[in-house]
Structures are given as C-alpha cells and as structure tokens.
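Architecture and fold: a report
So you can see what is in the structure, the chains are spelled out below.
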Amino acid sequence: MKFNFQSLDYFSGTKIPVIFLLDVSGSMGTIDKTGVSCINQLNSGFEVFLNNILEDEIASAALDLSVITFGGENPELFLDFEQWNGGTKSNFVASGGTPMGSALELAYQQIESRKLVYKDYGINYYQPWVILMTDGEPTDDIETAKSIFIDLQNKRKVTLFPVAIGNDANIEVLKELNPSINPLRVEGTDFKKFFTWLSRSVEQNELDIEKYNY
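Each chain has its residues counted from 1, following the order in which its sequence is written. Given that the model is predicted, a residue must reach a pLDDT of at least 70 before its local features are reported, and side-chain atom pairs must reach 80 or more before they are shown or counted; all residues, however, enter totals for whole chains, interfaces and linings. Hydrogen atoms and water are omitted, and side-chain values are computed over all heavy atoms in the structure.

Every residue carries a pLDDT, the predictor's confidence in it, which falls somewhere between 0 and 100. Averaged over the protein, the pLDDT score is 87; the fraction of residues at 70 or greater is 90%. Note on definitions: a residue-residue contact is assigned when non-hydrogen atoms from the two residues lie within 4.5 Å. Below pLDDT 50 for its whole length, residues 1-8 participates in 17 contacts with residues either more than four positions away or in separate chains.

Now the structure itself:
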C-alpha cells in the first residue's frame, strides 16, 4: 500500500524523513544475556517504535519512514518511503554478513531521491535522520559512504545516529561515521527503552542523546 500524494493528509505539516539502517547479519541471531536473540529484541523494539508513533497523531503525520536492512551480501530496501501503511509488525531475519558500506550508500540514494519528491510536490521537510544499528563491524568497504556522510553532516544536511548492539559492535567505526557523538550501546531490555526514546524524539523533532537516560 502506498500513500496517495494527492491526499491532503500527506501534504499537511512538515515531514521528518527517518531512515533505519538495521543490521540483520547472522550474528544478530545470537542469544543475549536475557535469553532472547538480538534479532528478536530488534523486532520487538521496532514494533514499540511504530506503536508509539501511531498513538501520536502529529508524529504519525510527520514521520516519513524508510527501512534498509543489511545482511548477506547486499543491503535490502525493506521498507521504501511511501510504503508504510500503519502496520506495526516487523519480521527481520538474521543471516549472512554485514554490508554496512553498501547500506549507507543506499541510504544516501534514498535521501537524495526523497528530497526530489519533496521538491516536486512542494512538501516541507526537516533534516533527515539516519539511525544505524549494528552488532559488529562492516564486511565491505565503508570509506566512500563515510566520506559522503561526513560531508552531509558538516553541511547540516543529515543527522546520522549510530547505535551499537551488544558488546561486539565496533565502536570506533561508528564514531568515525559521526565524530560529534558517542554511539549508544543497547542490549536486552535497552531495545524497548531506545525505541521509546526515539519515538518521543520524532514527536518532538529533536534527537537529544542527553534525554536518553531520563
């Protein structure tokens, strides 16, 4: 199901484009200390995010959502802009490697193409958010993607928010992608806490890491 661009509901207000880059590599199937796999924690947490958004009329109208998963050899456009129809179930499955660089490049393409849509239809939008969540380190080259996103962030054209899943995520790689913040680390029950905080951030159009622990 796609949004109808002729709908007054879609044109109302200013959009917040949010792209999730979610690691679904084989290691995400590992059972954590709570006895649940990271991929199941991710599924549950993401559903919390969607439910919270739907409970807020303003946030649900403003959110423009896309989801890119990266596992196996190539990233997948799991959910394109225009396709979210208000569903709250996610079915991410863990397998393969961690093609993070390719996923970041796909996210950049998504941002640029979406900006053209906004321009064509006269839709106002806030700075795009890219939420990157990973439990490991890239199995492909990220140098091109890193250069792209550093440049975008320096020009204040995007906010990239890195999140480490568990203790094995390469924090240094995540820091390189956004040197201005320390990546969050989530595991176990932190998933739902993180996604609740993130949904509130969408409601307020503010990604403030200082508010995460409150």
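Two strands in a sheet stick together by hydrogen bonds in their backbones, pointing the same way (parallel) or opposite ways (antiparallel). Sheet architecture is open: six strands sit in the order β3-β2-β1-β4-β5-β6, paired in mixed fashion. Two strands bound the open sheet, and with one partner strand each, they are β3 (74-79) and β6 (184-186). Across the sheet, the mean angle from the axis of one strand to that of its neighbour is 25 degrees, orientation sign disregarded. Paired strands, in this sense, are two strands between which DSSP finds at least two bridges. Note on conventions: DSSP H or I runs of at least 4 residues are helices, E runs of at least 2 residues are strands, and numbering of each starts at the N terminus. Bridge analysis of strand β5 (residues 159-165) against β6 gives three bridges, and the strand direction is parallel. Each residue of the ladder has a partner; that of I165, found in β6, is V186. In this fold helix α4 (residues 100-121) packs onto β1 (16-23), β2 (63-71), β3, β4 (129-134) and β5, with an angle of close to 160 degrees to the strand it touches most, β2. For helices, the axis comes from a line fit to the C-alpha atoms of the stretch in contact; other axes are also lines fit to C-alpha atoms, and the angle between any two N-to-C directions lies between 0 and 180 degrees.

Okay, the pairing of β2 next. By the criterion of burial, β2 is predominantly enclosed, with nine of the nine residues buried. Here β2 pairs with β3 via five bridges, running antiparallel. Among the inter-strand pairings, F70 is bridged to a residue of β3, identified as P75. If you look at the hairpin formed by β2 and β3, you'll find two residues sitting between the two strands, and G72 has a positive phi there, around 65 degrees. Here the term buried applies to any residue with accessible area under 20% of the maximum for its type, exposed to any over 50%, and partly exposed to those in between, with areas from a 1.4 Å probe on protein chains only.

Our next topic: the packing of helix α2 (residues 38-55) against helix α7 (residues 190-204). Relative to each other, α2 and α7 sit at 30 degrees, their axes nearing to 8 Å. One element, α2, and the other, α7, form an angle in the roughly parallel class. Crossing handedness for the pair α2 and α7: right-handed. Packed against α2, whose contacting residues are C38, Q41, L42, S44, G45, F46, V48, F49, N52 and I53, the element α7 presents F191, K192, F195, T196, L198, S199, V202 and E203 at the interface. Charged means Asp, Glu, Lys or Arg here, nonpolar means Ala, Val, Leu, Ile, Met, Phe, Trp, Tyr, Cys or Pro, and polar covers whatever is left, Gly included. Along the lines of polarity and charge, the residues of the contact of α2 with α7 split into ten nonpolar, six polar and two charged. Note on terminology: angles under 35 degrees are roughly parallel, angles over 145 are roughly antiparallel, angles of 65 to 115 are roughly perpendicular, and the others are oblique. A crossing counts as left-handed when the near helix is turned anticlockwise from the far one by less than a right angle, and as right-handed when that turn is clockwise.

Moving on: the packing of aromatic side chains. Note on aromatic pairs: the rings of Phe, Tyr and Trp (six-membered ring only in Trp) are paired at centre separations within 6.5 Å, and the planes decide the class, stacked below 30 degrees, edge-to-face beyond 60, tilted for the rest. Summed over all chains, the structure comprises twelve aromatic pairs. For the pair F20 and F46, a centre-to-centre distance of 5.1 Å together with 90 degrees between the ring planes defines the contact as edge-to-face. Taken together, the residues F20 in strand β1 and F46 in helix α2 connect sequence positions 26 residues apart. What makes F46 buried here is its relative accessible area of 3%. With a centroid separation of 5.2 Å and 70 degrees between ring planes, the pair formed by F194 and F195 is classed as edge-to-face. Just as F194 is buried, F195 falls in that class too.

Moving on, we get to the pattern of salt bridges. Here, a salt bridge means any Lys or Arg side-chain nitrogen found within 4 Å of an Asp or Glu carboxyl oxygen. Per the counting criterion, the structure on display carries six salt bridges. A salt bridge links K146 to E143, with the shortest nitrogen-to-oxygen separation between them at 3.4 Å. In this pair, K146 and E143 are both assigned in helix α5 (residues 143-154), three residues apart and thus about one turn of the helix distant. On the basis of relative accessible area, E143 is assigned to the partly exposed category, the value being 41%. Across the pair E172 and K175 runs a salt bridge, and its minimum N-O distance is 3.9 Å. On the criterion of helical spacing, the pair formed by E172 and K175 is a turn pair, its members being three residues apart in helix α6 (residues 171-177). The partly exposed category is assigned to E172, whose relative accessible area is 49%. By relative accessible area, which is 31% here, K175 ends up partly exposed. Because the salt bridges share partners, they merge into one network encompassing E143, K146 and E176.

We now examine α5. In this model α5 runs 16 Å from its N-terminal to its C-terminal C-alpha over twelve residues, within 8% of the 16 Å that 1.5 Å per residue would give. Among the structural elements, α4, β4, β5 and α6 are those in contact with the buried residues of α5. Once α5 ends, the next one or two residues include R156, with phi positive near 55 degrees. Multiplying one less than the number of residues by 1.5 Å gives the expected span of a helix.

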